[in-house]
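Observations on the model geometry
Letter by letter, the chains look like this.
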Amino acid sequence: MSAETTTPAGTGRVWTGPSAPERLDILRGTRSIAIVGASNKPSRASYFVSTYLLSSSKYTVYFVNPVLDEILGQPVYKSLADLPEAPDLVDVFRRHDDLPGVLDEAIAVGAKTLWLQLGSWHEDVAAAAESAGLDVVMDRCVKIEHARFHGGLHLAGFNTGVVSSKRQVLA
């Protein structure tokens, strides 16, 4: 592996991800999401994404973490192979060096999409995933993309409940 193809987010990027309409198609075609590296700590991004997906989407959400038993009242599975079904989308919150192993698991269970969260970029993993027939999204957040396409995203990333084409002026 060359440094150019395995560098973390921000350097040596060559791979081009799916366009916004293609990401929307991926999300529309998804029925189940496995969050690999899910955490029960509210300060973690995976926890925030989990709460959003459970409350604001129709996806069946599975949590994968070998050291936890429950997150948000839901069971946690030790690996993707332990899930009751093959997930359509594998949303990954793991270290850069763990990504090839997660890809191997995703391929083995028959996942359709490998989604690497914000800050996560691995060109070799993306190439291998695409060669295996998976869709790949890197350095993007499932929560942000879902909310963006479904009208729940404000500039700060939250739904304000205000529907207007005018910008509010605060005194």
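Above: the structure in question.
So, here's what we can say about the structure. As the structure is a computational prediction, the values presented were derived from the model and not from experiment.

Turning our attention to helix H4 (residues 99–109). Among the residues of H4, Leu99, Val102, Leu103 and Ala106 are the ones counted as buried. Seen along its axis, H4 keeps its buried residues to an arc of 100°; they face one direction. Across from the buried face of H4, at angles greater than 90 degrees, the exposed residues are Asp104 and Ala108. Check the buried side of H4 and you find it contacts strand E1 (32–36), strand E5 (89–92), strand E6 (113–116) and helix H5 (123–131). Immediately beyond the C-terminal end of H4, within one or two residues, lies Gly110, with a positive phi of roughly 90°.

On to the side chain of Thr113. Mapped onto the elements, Thr113 comes out in strand E6. Looking at Thr113, the relative accessible area reads 2%, which means it is buried.

This part takes up the packing of aromatic side chains. All chains considered together, the criterion is met by two aromatic pairs. For Arg13, the ring lying beneath its charged end belongs to Trp121, and the centroid distance is 3.9 Å. The cationic tip of Lys143 hangs over the ring face of Tyr52; the distance from NZ or CZ to the ring centre is 4.8 Å.

Taken in spatial order, the seven strands of this open sheet run E3-E4-E2-E1-E5-E6-E7, and their pairing is mixed. At either end of the open sheet lies a strand with only one pairing partner, and these are strand E3 (70–71) and strand E7 (135–137). Packed on one face of the sheet, helix H3 (residues 45–56) meets E1, strand E2 (60–64), E3, strand E4 (74–77) and E5 and runs near 165° to E1.

With that out of the way, let us pick up the packing of helix H2 (residues 20–29) against helix H6 (residues 142–149). Where H2 contacts H6, the two axes come as close as 10 Å, and the packing angle between them is 100°. It follows that H2 is roughly perpendicular to H6 by the angle criterion. Across the interface between the two elements, Ala20, Arg23, Leu24 and Leu27 from H2 touch Val142, Glu145, His146, Arg148 and Phe149 from H6. Taken together, the residues of the contact of H2 with H6 sort by class into five nonpolar, one polar and three charged.

A complete count under the given rule lists eight salt bridges for this structure. Among the ionic pairs, Asp139 bridges to Arg13, the shortest N-O distance being 2.8 Å. Taken together, the residues span a long stretch of sequence, with Asp139 in the loop between E7 and H6 and Arg13 in the loop between helix H1 (3–6) and H2 at a distance of 126 residues. Between Asp98 and Arg94 there is a salt bridge, with the nearest N and O atoms lying 3.0 Å from each other. The exposure class of Arg94 is partly exposed, given its relative accessible area of 36%. Ionic contacts of the salt-bridge type, sharing partners, join the residues Arg23, Arg140, Glu145 and Arg148 into one network.

Quick look at the nonpolar core now. Counting residues in each nonpolar core, the largest one holds 24 residues, and the members touching the most others are Leu80, Leu83, Val90, Val92, Ala106, Leu114 and Met138. Mapped by element, the contributors of at least two residues to this core are E1, E2, E5, H4, E6 and H5. Those residues in contact with Met138 that lie beyond four places of it in its chain are Trp15, Leu116, Ser120, Trp121, His122 and Ala126. In terms of nonpolar packing, the next biggest core, distinct from the first, is built from 22 residues, Tyr52, Leu53, Ile71 and Phe93 among them.

Moving on, we get to a negative patch on the surface. Together, Glu22, Asp25, Glu130 and Asp135 make up a negatively charged patch on the protein surface. Given a relative accessible area of 40%, Asp135 falls into the partly exposed group.

Criteria and cut-off values
All residue numbers refer to position in the chain's written sequence, counted from 1. Owing to the predicted nature of the model, reporting of local features is limited to residues with pLDDT of at least 70; listing and counting of side-chain atom pairs is limited to 80 or more, with chain, interface and lining totals taken over all residues. To get the side-chain values, all heavy atoms of the structure are used, and hydrogens and water are removed first. A simple rule labels every residue: compare its accessible area, found with a 1.4 Å probe on the protein chains alone, to the largest value its type can have, and call it buried under 20%, exposed over 50%, or partly exposed in between. Per the convention used, a helix needs a DSSP run of H or I reaching at least four residues, while a strand needs a run of E reaching at least two, with both numbered from the N terminus. Picture the helix axis, draw a direction to every C-beta atom, and the arc is the one those directions span. In what follows, a contact means two residues having at least one pair of non-hydrogen atoms within 4.5 Å. Between rings of Phe, Tyr and Trp, where Trp is taken as its six-membered ring, a pair exists when centres lie within 6.5 Å; planes separated by under 30 degrees are stacked, by over 60 edge-to-face, and by other angles tilted. A positively charged side chain is recorded as over a ring if its NZ (Lys) or CZ (Arg) lies within 6 Å of the ring centre. The angle to the ring normal must also be within 35 degrees. Here, any two strands with at least 2 DSSP bridges between them count as paired. Comment: axis = line fitted to C-alpha atoms, over the contacting stretch for helices; angle = value between 0 and 180 degrees taken between N-to-C directions. By definition in this entry, angles of less than 35 degrees are roughly parallel, angles greater than 145 are roughly antiparallel, angles of 65 to 115 are roughly perpendicular, and the rest are oblique. All residues other than Ala, Val, Leu, Ile, Met, Phe, Trp, Tyr, Cys, Pro, Asp, Glu, Lys and Arg, Gly among them, are scored as polar; the first ten of these are nonpolar and the last four charged. The rule for a salt bridge is simple: a side-chain nitrogen of Lys or Arg has to be within 4 Å of a carboxyl oxygen of Asp or Glu. As used in this record, nonpolar core signifies buried Ala, Val, Leu, Ile, Met, Phe, Trp, Tyr and Cys residues forming a set joined through side-chain atoms within 4.5 Å. Patch rule: a residue counts if its relative accessible area is over 30% and it has no salt bridge; like charges are joined within 9 Å, and nonpolar side chains (Val, Leu, Ile, Met, Phe, Trp, Tyr) within 5 Å. Note on areas: these come from Shrake-Rupley sampling with a 1.4 Å probe, and a residue is covered only by the protein chains present in the view. Counted as positive: Lys and Arg. Counted as negative: Asp and Glu, with His and the chain ends omitted from the count. A single reference atom marks each charge: NZ on Lys, CZ on Arg, CG on Asp, CD on Glu.

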